[in-house]
Amino acid sequence: MNRTTLSLIAGATALAAVTGFAALSTPDTPGTESTAKAAAQLPVERTSLLCPAPSTSDIAETSYTSFTPVTKGTGSGGKAELRAAAQESPDGSGAGGDKGKDDEKSGERKTGEPMPTSKEPGKPVTGDSSGAESPALVGTADGRFAPGWTVQETTEVAVGTGRGLQGVNCTAPDTSFWFPGASTAADRTDYIHLTNPDDSAAVVDIELYGKDGALQSTVGEGITVQPHSSEPVLLSTLTDEEQTNLTVHVNVRSGRVGAAVQALDDKLGGDWLAASTDPSGSLVLPGIPKDATSVRLVAFTPGDADADLKLRLASPSGPITPAGHETVHVKGGMTTAVDLGDVTRGEAGSLVLTPTDRSVPVVAALRVVRGKGDKQETAFIPATRPVGTRATSADNRAKGSTLSLTAPDRAATVEVTASAGSEGGTPVSKTYTIKAGTTQDIEPPVPGGLKGTYALTVEPKSGGPVYGARTLTATEGGVPGFTVQTLPDDRGTVAVPEADEDLSVLQK
């Protein structure tokens, strides 16, 4: 191996450690001794999160919670902060782009929108905002605040379209997002929010897929999102077709964006629809509330091949096959919806999808309804990655938080830690065992002497993979408001291979 090769390895290793978005591996060269050892997990040194504009309602009340768990191996410096993005108006005209400029003297925002800035890892920081002018936020964290940084945006809307509790985890920028479960039906108002954190413009294509395949739309091609700005796009303006169940694909031609769908219903409330995990042959959708009155599965396969999936409900007592819904057939390139009714029947549950024969990549999400009559509320559960090394949930309250954990394959033991409160409190941890093929709803531990809100971290200790979700509830006016956030790995570490200590003999 020559000096050039070593320089490339060193450069790639440094990039992985700084960004947290890369893992490095080097192939062995025949006839030479490999210099790569088992990869070490190092804390990421910088990360970005993007929060969409929370609401178009004048009576919306939004809270932000920023939290970084304590991670071994980090230094003493760094910070985590959120700043307002220049915001496009809902009609795309750009009106309002000047709102919220920094005050040159004070550094404060003229509109007074929140910018939670973390003071120390292990303790949440909160901020509040009111009304329809709250902007999208662009956030960065570095140093000891980067590993596992999580920001939750939670909005309460008392009345009107989308009334209820809406929540979303602010997302990392990426180049591809899948959203099964969106809609252009007459009673739905769905926006796809695109936020660009970078110094150059991003160019985005929005592709729509209904029950019969791709919907023709030239309006969704080549959408430009200006630097450090956010643009909400009303889905019904991209097509003349009304589709009750729609899959949205955000494909970024250049640059990168954060993306989330705000799905608002005239009668059933509304919530944020987060992106499904990348297309996969097997999927887990965790955390269906036990009192769900209606559950709808929306699935899509991006390729030409059809997918045949086996449906199982991981219940507290073990796997159950929903009566009448043993399997689902998903035609290639077409969105399929299956109404599962009150599939949980009063018990905690998670939906597990596996191929009946050959594996075909699929994306999926659940639309979940609680309540009856004119007091119904909606939330969404996308397919998600496993908890992995650690997952984090911000914005938990003394009452109203439920942690749902499922071990679809093998039993697992996990440690759940409640952080200090945002205004005071002592952290506490508790260990749980999740039996194979089951879902367990947990009333999470609460910090001693809690004041304010707190965060939860979930760390598997042994056994098979664990999937999780957190449900937050807040009933107002008899309407059972709720929102569900899945708990994928928080990507607080990155794999970096260790090189042999003595490289001098390889540099000749």
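Above: the structure in question.
Here the structure is a predicted model, which is why all the values come from computation and not from measurement.

(A) Fine view of the state of the cysteines. Enumeration according to the criterion identifies one disulfide in this entry. Note on cysteine connectivity: C51 is disulfide-linked to C170, with sulfurs 2.0 Å apart. Looking along the S-S bond of the C51-C170 disulfide, the torsion reads about 110°, which is the right-handed sense. Of this pair, C51 sits in strand β2 (residues 46-51) while C170 sits in the loop between β9 (164-169) and β10 (176-182), and the two are 119 residues apart along the sequence. For C51, a relative accessible area of 0% translates into the label buried.

(B) Local environment of the packing of aromatic side chains. Summed over the entire model, instances satisfying the criterion amount to four aromatic pairs. Centroid distance Y209 to F300: 4.7 Å. Interplanar angle 40°. Geometry classified as tilted. Taken together, the residues Y209 in strand β12 (residues 202-210) and F300 in strand β20 (residues 294-300) connect sequence positions 91 residues apart. With respect to class, Y209 is no different from F300; both count as buried. One aromatic cluster is present, built from ring pairs that chain together W178, Y209 and F300. Across the ring face of F482, the terminal group of R370 is positioned such that the distance to the ring centre comes to 5.0 Å.

(C) The arrangement of the sheet that holds strand β8 (residues 150-157) in detail. Read from one edge to the other, the open sheet built from four strands follows the order β6-β3-β8-β9, with strand pairing classed as antiparallel. Where the open sheet ends on each side, the last strands, each with one partner, are β6 (125-130) and β9. For this sheet, the mean angle separating the axes of adjacent strands, direction not counted, is 15°. Taken together, the seven bridges between strand β3 (residues 61-67) and β8 define a ladder with antiparallel strand orientation.

(D) Broad picture of the pattern of salt bridges. On inspection of all chains with the given rule, the structure shows 13 salt bridges. In this structure, the salt-bridge partner of R253 is D205, at a minimum N-O distance of 2.9 Å. Of this pair, R253 sits in strand β16 (residues 246-254) while D205 sits in strand β12; the two residues are 48 residues apart in sequence, bridging distant segments of the chain.

(E) The arrangement of the pairing of β20 in detail. Most of β20 is tucked away, with six of its seven residues classed as buried. The pairing of β20 with strand β26 (residues 363-372) spans seven bridges and is classified as antiparallel. Counted as the bridge partner of F300 is V363 from β26. In terms of strand pairing, β20 meets strand β24 (residues 336-341) through five bridges, oriented antiparallel. Bridging across to β24, V298 finds its partner in A337.

(F) A look at the sheet that holds strand β27 (residues 375-382). Spatial strand order, β24-β20-β26-β27: four strands in an open sheet with antiparallel pairing. Where the open sheet ends on each side, the last strands, each with one partner, are β24 and β27. Going across the sheet, the axis of each strand differs from the next one's by a mean of 20°, ignoring polarity.

(G) Spatial organisation of empty space enclosed by the protein. Here the structure, examined in full by the defined rule, presents four cavities of 30 Å³ or more. In this structure, the largest cavity occupies an estimated 100 Å³ of space. Those elements that place two or more of their residues in the lining of the largest cavity are β8, β9, β36 (467-476) and β37 (479-486). Its residues placed into classes, the lining of the largest cavity shows five nonpolar, two polar and three charged.

(H) Seen up close, the layout of surface pockets. A volume near 400 Å³ is recorded for the second largest pocket. Looking at the second largest pocket, it is lined by 18 residues, and the ones nearest its centre are P69, V70, T71, R390 and E459. In terms of residue class, the lining of the second largest pocket is made up of five nonpolar, eight polar and five charged.

(I) A look at the side chain of T335. Mapped onto the elements, T335 comes out in the loop between β23 (327-330) and β24. Taking the relative accessible area as the measure of exposure, T335 reaches 6% and is therefore buried. In terms of polar contacts, T335 uses its side chain to reach the backbone carbonyl oxygen of Y209, at 2.7 Å. A polar atom in the side chain of T335 sits 2.8 Å from the side chain of T247. Those residues in contact with T335, other than ones at most four positions away along the chain, are Y209, G210, K211, N245, L246, T247, V298, A299 and F300.

(J) View of the nonpolar core. By size, the foremost hydrophobic cluster in this structure holds 29 residues, and its most contacted members are L285, I288, L297, L340, L351, L353 and L366. Here this core takes four residues from strand β21 (residues 307-315), the largest share from any one element. Not counting residues up to four positions away in its chain, the partners in contact with L366 are L285, I288, V295, R296, L297, L351, A379, F380 and I381. Core analysis: the second largest hydrophobic core is formed by 26 residues, L194, V204, L215 and F380 among them.

(K) Local environment of the environment of G270. Here G270 lies in strand β18 (residues 269-273). With 107 residues separating them along the chain, G270 and R163 place their C-alpha atoms 6.5 Å apart. With near-sequence residues (within four places) excluded, G270 lies in contact with G162, R163, L165, Q166, A263, L264, D265, E377 and T378.

(L) Focus on the environment of L313. Among the secondary structure elements, L313 is positioned in strand β21. For L313 and T439, which are 126 residues apart along the polypeptide, the C-alpha to C-alpha distance reads 8.8 Å. Those residues in contact with L313 that sit more than four places away from it in its chain are I288, G318, P319, I320, P322, V343, T344, G349, S350 and L351.

About the cut-offs
All chains use their own residue numbering, which begins from 1 and follows the written sequence. Reporting of local features is limited, given that this is a predicted model, to residues whose pLDDT is at least 70; pairs of side-chain atoms are given and counted only at 80 or more, and all residues count toward the totals for whole chains, interfaces and linings. The side-chain quantities take in all heavy atoms of the structure and omit both hydrogens and water. A pair of cysteine sulfur atoms is labelled a disulfide when the two atoms are within 2.5 Å. Per the convention used, a helix needs a DSSP run of H or I reaching at least four residues, while a strand needs a run of E reaching at least two, with both numbered from the N terminus. Exposure categories follow from relative accessible area, calculated using a 1.4 Å probe and restricted to protein chains: below 20% of the type maximum is buried, above 50% is exposed, and the middle band is partly exposed. Classification of ring pairs rests on two measures: the distance between centres of Phe, Tyr or Trp rings, Trp counted by its six-membered ring, which must be within 6.5 Å, and the angle between planes, read as stacked under 30 degrees, edge-to-face over 60 and tilted in between. To sit over a ring, a charge needs its Lys NZ or Arg CZ within 6 Å of the ring centre and within 35 degrees of the ring normal. At least two bridges found by DSSP between two strands is the condition for calling them paired. Orientation is described by lines fitted to C-alpha atoms, with helices fitted over the stretch in contact, and by angles between N-to-C directions that extend from 0 to 180 degrees. What counts as a salt bridge is simple: a side-chain nitrogen of Lys or Arg found within 4 Å of a carboxyl oxygen of Asp or Glu. Cavity and pocket criteria rest on a 1 Å grid covering protein atoms alone: a 1.4 Å probe that fits but cannot get out defines a cavity, protein on both sides within 12 Å along at least 5 of 7 lines defines an open pocket, and an atom within 4 Å of a point defines a lining residue. Grid points are joined across faces, edges and corners, and a volume is the space filled by probe spheres set on the points. Amino acids are sorted into nonpolar (Ala, Val, Leu, Ile, Met, Phe, Trp, Tyr, Cys and Pro), charged (Asp, Glu, Lys and Arg) and polar (every other residue, Gly among them). Residues adjacent in sequence count toward polar contacts only when both atoms are side-chain atoms; beyond that, a polar contact is any pair of N or O atoms within 3.5 Å, and within protein one must be able to donate a hydrogen and the other to accept it. Whether two residues touch is decided by their heavy atoms; if any such pair falls within 4.5 Å, the residues are in contact. In this description, a nonpolar core means a group of buried Ala, Val, Leu, Ile, Met, Phe, Trp, Tyr and Cys residues linked to one another through side-chain atoms lying within 4.5 Å.

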